[in-house]
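Fold and geometry: a report
As a plain string of letters, each chain reads:
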Amino acid sequence: MESALTARDRVGVQDFVLLENYTSENAFIENLRKRFSEKLIYTYIGSVLVSVNPYRPLNIYTPYHQEKYQGVNFYEMPPHVYAISDNAYRSMRNEYRDQCILISGESGSGKTEASKYILQYLSICSSNNEKVEYIKSRLLQSNPVLEAFGNAKTHRNDNSSRFGKYMDIQFDYRGAPIGGHILNYLLEKSRVVHQAQGERNFHIFYQLLEGADDELMSRMRLKRNPDNYHYLAQGKCAKVSSINDKNDFLTIKKALKVLSFSDEQVTALFYIVASVLHLGNINFTDSGGRANIAKESMADVQTVAALLDCEAAQLEKALTHRTIEANREKMCSPLNVDQAVYARDALAKAVYGRMFDWLVHTINESLSVQNQVRRSLIGLLDIYGFEIFQKNSFEQFCINYCNEKLQQLFIELTLKQEQEEYRAEGIAWEPVEYFNNKIICDLVEERHKGIIDIMDEECLRPGDPTDQTFLKKLEETVGEHPHFITHALGDSKLRKTIQYDEFRMIHYAGDVTYGVEGFLDKNNDLLFRDLKETMSEASNTVIKNTFLKSELTKLKRPETVGTQFRSSLNKLMEILMSKEPSYVRCIKPNDTKQPDRFEETLVRHQVKYLGLMENLRVRRAGFAYRRTHDVFVKRYKSLCPDTWPHYRGSAKDGVQTLCQYLQYKEDEYRVGKTKIFIRFPKTLFATEDAFQLRKHELAALMQATWRGFRQWKLFHRMRNAVTTISSQWKRVQAQRLKEKRKKAVDVVRKFIIGFINRGKPRCPENANFLDYVRISYLHRCRDKLPKNVLDKSWPTPPAALTETAELLQRLNMQNMTRRYVKRTTPEKKRAMEEKVVASELFRDKKESYEDSLKRPFTDKRLTEPMKPKMMAMIEGGEKVAYSCHVTKYDRHGYHARERVLAITSKSSYLFDSKDGKLKQKIGHDILTGISISNLSDDLFVLHAPVENKEKGDMIVRSEYSIEAVTKIAILSGKKSEVRIVTKNLAHEMAGGKQGQIEFIVGPEPSITKAKSGNLIVVSTGRSR
């Protein structure tokens, strides 16, 4: 996405969140217009996709594009419906979270096409095998069937969905589709009996007339001309240039076969469609206030009865009479013409509506999952958008109520997603103010107080309820609601815009005025009992499964349309709340379906009722831009020398480094656990502009590299030319070599003769050979001189040079010795002298001596400096010459104590290693001796007299015992007092007592106190 920021002035930004003036509706519309003019129909609002109908085919849905969007980061590619689909699919498959994609917009905005592309993409990106392909084909073929029976041409759209559809696509653990389930909402059944001028009935009627073969047409007694049928002739728009009904009918028949519809079921469906057409042609005559079927319509009654497989006489009676039951008495009442027309139309709507429900149910059976496996879901909601017409009735009321609920869900889930993302990234959430349209939803759906329940009460009220009494009841019950206005409740200005039979609701998307005429009838959707009985006795495969006889025995009044819609809508909200949502908001750019035409007023209206500005405001309440650390570093790493060209650290550290180098202010960004959040678009734009400048610099570097490569190629051409010249030169050299070799033969001959005569006194025959031998020996001496003073080797001389060789070897040794002495530092010299003393004291006397040779002596073995308290206890002027950690064994029980041994030129000090307290001090002037065993143990004893408050001998153990004893011996000047004992060692204790230390050999080294009171020191008896 960032790659498009450079062209933002021309084509707009790909994400509305990056609009600098995000609160301006004009800036929003202008960005849409820029992108639409460049044929860029998709734009994001965060993760929401805004789609503008182009009214033309675009080359952006090819297999190349489908492959291009598979498995890529959501923001890595330009906005596309495939990106939404892929993001939902990957979240479902990788995170095992159910998904749903909500598609909304007004008629003609491209919702149906968007759902097709989503289904198509999901079928492409999932895994393939024969069974999976079978399921995919069923999922895809369900679409044209539902479009044929549920879509129609309207003023705004040639393929307008006249029902709401929610489809669950079910996937197994591998991400392969295994089934599906469809829910349908509020089919516009009134379209079956009435269409406005310029609109058509449902597609299936025209497809049947155009595509059915002559034999089927004869059985259904149909004629090809739609104008012959009342239910098709009202709109006067049977032919549409963009629709091929004949081809579509063939597609429907093929799709029904794929969906496993039997021939009997398909025939029954077409018979029902034909019966509706014939039903619409039934006319009535008035006979003294009673309705009779016109003579010319009797044939249509017979045809309807034959197609539905019911009794014609019973159907005729049900269309003109009504049975009324009161006080358990039944009475047959004739209908007048208006009531008969109502009954006819109600039957047509009921038959078609129930057929549509049966169709959806049968498709669901075809898509159902046979085996019980772990399933994940992707839901696809294609539902009507907010509608505001010049005349708005019950259908618009239900549709707009649905959109209020979806808007409420949309804002809640958007805020929830934002909060969850902030929480996951460890960033503080800032509360967002927004309009909560719950107050409008409650106005419609609240129990006992909402418009739906008031309408139901009015429908059930005894007497003669009318639409006007319903309006009056609304004024009495919800008249004080701030979002409800009628002519009687409004001020003088509002009364001019609201008629007496209208009420106005202030929706989130704008004010809508509804005419109450027909509200109660449409809510009741009443079908007379006589007609239900007639249909329940029909033998048509579909009819007998939709008009059940058990329905006639139910005494409870069926739920009204409004109540049913409210219940199904609440269930839909529960379904959507249980899934992770994605959104596609569809916009139509003009009402004339022309490409390249952008009507700002129309688009502004849709932006408002789709709630896009509200969504943008919620999204921008926090941070405008967010990307994962690796994506951000990968794009902008060239801006910082610490991250370019290769950053080896973590992506998060790289983001911190970049932000610090780019001098982002603290309030401009936050770094989360996996993402960077940038608050202002101008910060991102400045970064992107700097990146574009940096690209020019990198381009210059690439040019320089290319020029270097060209020069390299030129060099190779020149080298080849040189090779040609050199080959000729080599010929000349070869000729010269020939002459040299000729001369060399003479030299070799002389050498051989000299070798033969080498034992004779010097003479012309051996002079050259002897000279060569001497020179060769000197060269060997030069090349193989000893590297150090310890190396006593020397090249073997010839007999004539033995004395010379001895002289040269001695001179070389003197020279190396002089250089070695000059390079030796005083410290190294002292260390060597100490090693010499150690050799004198312990060589061939103590077993662990050989191990000490590997470690150079040092003046300090402590890992940390001595504590100030220790230094304070050392007498003034004395400098610590050596220190190390030791284990001291006291003279009362030989308990081991961790101590620090510090040696100066005058005394040896023993400190507590924890608190630094001085435990014992032995002056070197009173030191009487140092004892150590001949075995491999590390114990030694410093002997001192038990006088003048002295504590006697000091028994200690040190890993560096040889080093420590050597240092003490040198510093105290008592090397002669060092004793190597073999078995037992006596030591002085306080009070004039003596203790014994026994040195023995054992399997494991240890130091313990024996029952005899002696200290037993066990060593392995070998060098470690």
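See above for the structure.
The structure displayed is predicted, hence computed values, not measured ones. (Residues numbered from 1 in each chain as written. Predicted model: local features only at pLDDT ≥ 70, side-chain atom pairs only at ≥ 80, totals over all residues. Heavy atoms only, no water.)

1. What about the overall build of the chain?
Check the secondary structure of the chain and you find 36 helices and 31 strands. The C-alpha radius of gyration computed for the chain amounts to 51 Å, which surpasses the reference 31 Å derived for 1024 residues by more than 25%, pointing to a less compact arrangement than a globule. Structurally, the chain occupies a C-alpha span of about 160 × 105 × 60 Å along its principal axes. Out of the 1024 residues in the chain, the part that is buried amounts to 49%. Sequence separation of at least 24 residues holds for 64% of the intrachain contacts in the chain that already meet a minimum separation of 6. Surface accessibility of the chain: about 51,900 Å² in total, with carbon and sulfur atoms responsible for 51%. Across the chain, the centroid of the 159 positively charged side chains sits 12 Å from that of the 130 negatively charged ones. (Helix = DSSP H or I, 4+ residues; strand = E, 2+ residues; numbered from the N terminus. Rg over C-alpha atoms; globule rule 2.2 N^0.38 Å. Buried < 20%, exposed > 50% of the residue type's maximum accessible area, 1.4 Å probe, protein only. Contact = heavy atoms within 4.5 Å. Areas by Shrake-Rupley, 256 points an atom, 1.4 Å probe, with all protein chains shown as cover. Lys, Arg positive; Asp, Glu negative; His and termini not counted. Charge placed at Lys NZ, Arg CZ, Asp CG, Glu CD.)

2. Digging into the pattern of salt bridges
By the definition in use, this model includes 40 salt bridges. Its salt-bridge partner being Glu 147, residue Lys 116 comes within 3.3 Å of it at the nearest N-O pair. With Lys 116 in helix α5 (residues 111-125) and Glu 147 in helix α6 (residues 130-150), this residue pair connects regions lying 31 residues apart in the sequence. Here Glu 147 falls in the buried class, since its relative accessible area comes to 12%. Several salt bridges converge on common partners, so that one network encompasses Arg 162, Glu 188, Arg 191 and Glu 199. (Salt bridge = Lys/Arg side-chain N within 4 Å of Asp/Glu carboxyl O.)

3. Some details on a nonpolar patch on the surface
Where nonpolar side chains cluster on the molecular surface, the patch consists of Val 748, Phe 751, Ile 752, Phe 755, Ile 756 and Tyr 772 and spans about 600 Å² of accessible area. By residue number, the principal contributor to the nonpolar patch is helix α30 (residues 681-756), which donates 5 residues. In this structure, Tyr 772 sits in helix α31 (residues 767-783). (Patch = residues over 30% accessible without salt bridge, like charges linked within 9 Å, V, L, I, M, F, W, Y side chains within 5 Å.)

4. Describing the pairing of strand β3 (residues 99-104)
Of all 6 residues in β3, 6 are buried, a share of seventy percent or more. Residues of β3 alternate between two faces, with Gln 99, Ile 101 and Ile 103 on one and Cys 100, Leu 102 and Ser 104 on the opposite face, all of them buried. The pairing of β3 with strand β16 (residues 580-587) spans 6 bridges and is parallel. Looking across to β16, one finds that Ser 104 is bridged to Arg 585. (Pairing = 2+ DSSP bridges.)

5. Describing unusual backbone geometry
Geometrically, the link from Trp 644 to Pro 645 is a cis peptide bond, its omega value of 0° lying close to zero. Along the chain, Pro 645 turns up in the loop between α28 (629-636) and α29 (651-661). With a phi close to 65°, Asp 844 is a non-glycine residue in the positive phi region. Counting through the fold element by element, Asp 844 comes out in the loop between α33 (826-842) and α34 (849-852).

6. Let's talk about the packing of helix α11 (residues 245-258) against helix α12 (residues 263-280)
It is at 10 Å that the axes of α11 and α12 come closest, and there the two elements cross at 140°. On the basis of the axis angle, α11 is oblique to α12. In the packing of α11 onto α12, the handedness of the crossing is right-handed. Across the interface between the two elements, Phe 249, Lys 253 and Leu 256 of α11 pack against Val 266, Leu 269 and Phe 270 of α12. A breakdown of the residues in the contact of α11 with α12 according to their chemical character gives 5 nonpolar, no polar and 1 charged. (Axes fitted to C-alpha atoms, helices over the stretch in contact; angles between N-to-C directions. Parallel < 35°, antiparallel > 145°, perpendicular 65-115°, else oblique. Left-handed = near helix turned anticlockwise from the far one by under 90°. Nonpolar A, V, L, I, M, F, W, Y, C, P; charged D, E, K, R; others polar.)

7. Some remarks on the packing of aromatic side chains
Considering all chains together, one arrives at 30 aromatic pairs under this definition. Relative to Tyr 117, the ring of Tyr 61 has its centre 3.8 Å away and its plane inclined at 5°; by these criteria the two rings are stacked. Placement of Tyr 61 in the loop between β2 (48-52) and α3 (63-68) and of Tyr 117 in helix α5 is noted, with a sequence separation of 56 residues between them. Judged by its relative accessible area of 15%, Tyr 61 is buried. Taking the centre distance of 6.0 Å and the plane angle of 10° together, the rings of Tyr 909 and Phe 911 count as stacked. Accessibility assignment for this pair places Tyr 909 and Phe 911 in one class, buried. Connected via pairs of aromatic rings, a cluster forms that spans Phe 394, Phe 397, Phe 470, Phe 484, Phe 503, Tyr 514 and Phe 519. Residue placement shows Arg 200 over the ring face of Tyr 206; its charged tip is 4.0 Å from the ring centre. When the ring centre of Tyr 960 is taken as origin, the NZ or CZ atom of Arg 861, which lies over that ring, is 4.2 Å away. (Phe/Tyr/Trp six-rings, centres within 6.5 Å; stacked < 30°, edge-to-face > 60°. Lys NZ or Arg CZ within 6 Å of the ring centre and 35° of its normal.)

8. Quick word on the packing of helix α16 (residues 394-425) against helix α17 (residues 438-445)
It is the contact of α16 with α17, at a shortest axis distance of 9 Å, that shows an interaxial angle of 140°. In terms of orientation, α16 lies oblique with respect to α17. Read as a crossing pair, α16 and α17 show a hand that is left-handed. In contact with Phe 397, Tyr 401, Glu 404, Lys 405 and Gln 408 of α16, α17 contributes Lys 438, Ile 440, Cys 441, Val 444 and Glu 445. Counted by class, the contact of α16 with α17 contains 5 nonpolar, 1 polar and 4 charged residues.

9. Remarks on helix α25 (residues 561-577)
Every α-helix winds through 3.6 residues per turn, so residues three or four apart in the chain are directed the same way. Its 17 residues give α25 an end-to-end C-alpha distance of 24 Å, which sits within 8% of 24 Å, the value for a rise of 1.5 Å per residue. Along α25, the residues classified as buried are Val 561, Gly 562, Thr 563, Phe 565, Arg 566, Leu 569, Leu 572, Met 573 and Leu 576. (Expected span 1.5 Å × (residues − 1).)

10. Examining a positive patch on the surface
Together, Lys 867, Lys 869, Lys 917 and Lys 951 make up a region of like positive charge exposed at the surface. Relative to the helices and strands, Lys 869 resides in helix α35 (residues 868-873). Assessed through its relative accessible area of 45%, Lys 869 is described here as partly exposed.

11. Some details on the nonpolar core
Phe 149, Phe 205 and Met 220 are the most contacted members of the largest nonpolar core, which totals 115 residues. When residues in this core are grouped by element, the largest group, 15 residues, is from helix α15 (residues 337-367). Discounting residues that sit within four places of it in the chain, Met 220 has contacts with Leu 208, Ala 212, Phe 270, Tyr 271, Ala 274, His 278, Thr 303 and Leu 307. Among the nonpolar cores identified, the runner-up in size contains 89 residues, and Cys 398, Met 505, Cys 640 and Tyr 669 belong to it. (Core = buried A, V, L, I, M, F, W, Y, C linked by side-chain atoms within 4.5 Å.)

12. So, the side chain of Asn 157
Tracing the chain through its elements places Asn 157 in the loop between β4 (151-152) and β5 (160-161). There is a polar contact of 3.0 Å between the side chain of Asn 157 and the backbone nitrogen of Asn 159. Those residues in contact with Asn 157 that sit more than four places away from it in its chain are Ser 107, Gly 108, Ala 152 and Lys 593. (Polar contact = N/O pair within 3.5 Å; in protein donor to acceptor, adjacent residues only side chain to side chain.)

13. So, the sheet that holds strand β15 (residues 510-515)
Pairing within the open sheet is antiparallel, and its 3 strands lie in the order β13-β14-β15. Single-partner strands in this sheet number two, and they are β13 (484-486) and β15. On average, each strand axis in the sheet is inclined to that of its neighbour by 25°, with strand direction left out of account. By the bridge criterion, 3 bridges tie β13 to strand β14 (residues 502-507) in an arrangement that is antiparallel. Considered in β14, the bridge of Ile 485 is made with Arg 504. Against the sheet, helix α19 (residues 467-478) touches β13 and β14, its axis set at about 135° to β13.

14. Here we look at the side chain of His 924
Note that His 924 resides in the loop between β23 (918-923) and β24 (929-933). According to the relative accessible area criterion, His 924 is buried, its value standing at 5%. Within polar-contact distance, the side chain of His 924 engages the backbone oxygen of Ser 907 at 3.5 Å. Ignoring any residue separated from it by four or fewer positions in sequence, one finds His 924 in contact with Ile 903, Thr 904, Ser 905, Lys 906, Ser 907, Ser 908, Leu 971, Ser 972 and Lys 974.

15. Examining the sheet that holds strand β18 (residues 669-671)
Pairing in this open sheet of 3 strands is antiparallel, and the strands run β17-β19-β18 from one edge to the other. In this open sheet, the two strands that pair with only one neighbour each are β17 (625-628) and β18. Strand-to-strand, the axes of this sheet are offset by a mean angle of 15°, without reference to chain direction. In this sheet, strand β19 (residues 675-678) lies alongside β18 in antiparallel orientation, the contact comprising 3 bridges. Counterpart to Tyr 669 in the pairing with β19 is Ile 678. Sheet strands in contact with α16 are β17 and β19, and its direction is about 120° off that of β19.

16. Description of the pairing of strand β22 (residues 907-912)
In terms of residue burial, β22 counts as a mostly covered element, since 6 of its 6 residues are buried. Alternating residues of β22 divide into Ser 907, Tyr 909 and Phe 911 and Ser 908, Leu 910 and Asp 912, and every residue in both groups is buried. Sheet topology places strand β21 (residues 896-903) next to β22; 5 bridges connect them, and they run antiparallel. Each bridged residue has a counterpart across the sheet, and for Arg 899 the counterpart in β22 is Asp 912. Following β21, the chain reverses through 3 residues before pairing antiparallel with β22. Alignment of β22 against β23, held across 5 bridges, turns out to be antiparallel. Among the inter-strand pairings, Leu 910 is bridged to a residue of β23, identified as Gln 920. Taking the residues between adjacent antiparallel strands as the criterion, β22 and β23 are bridged by 5 residues, where Gly 916 takes a positive phi near 75°.

Everything listed here is a matter of geometry and, on its own, says nothing about what the molecule does.
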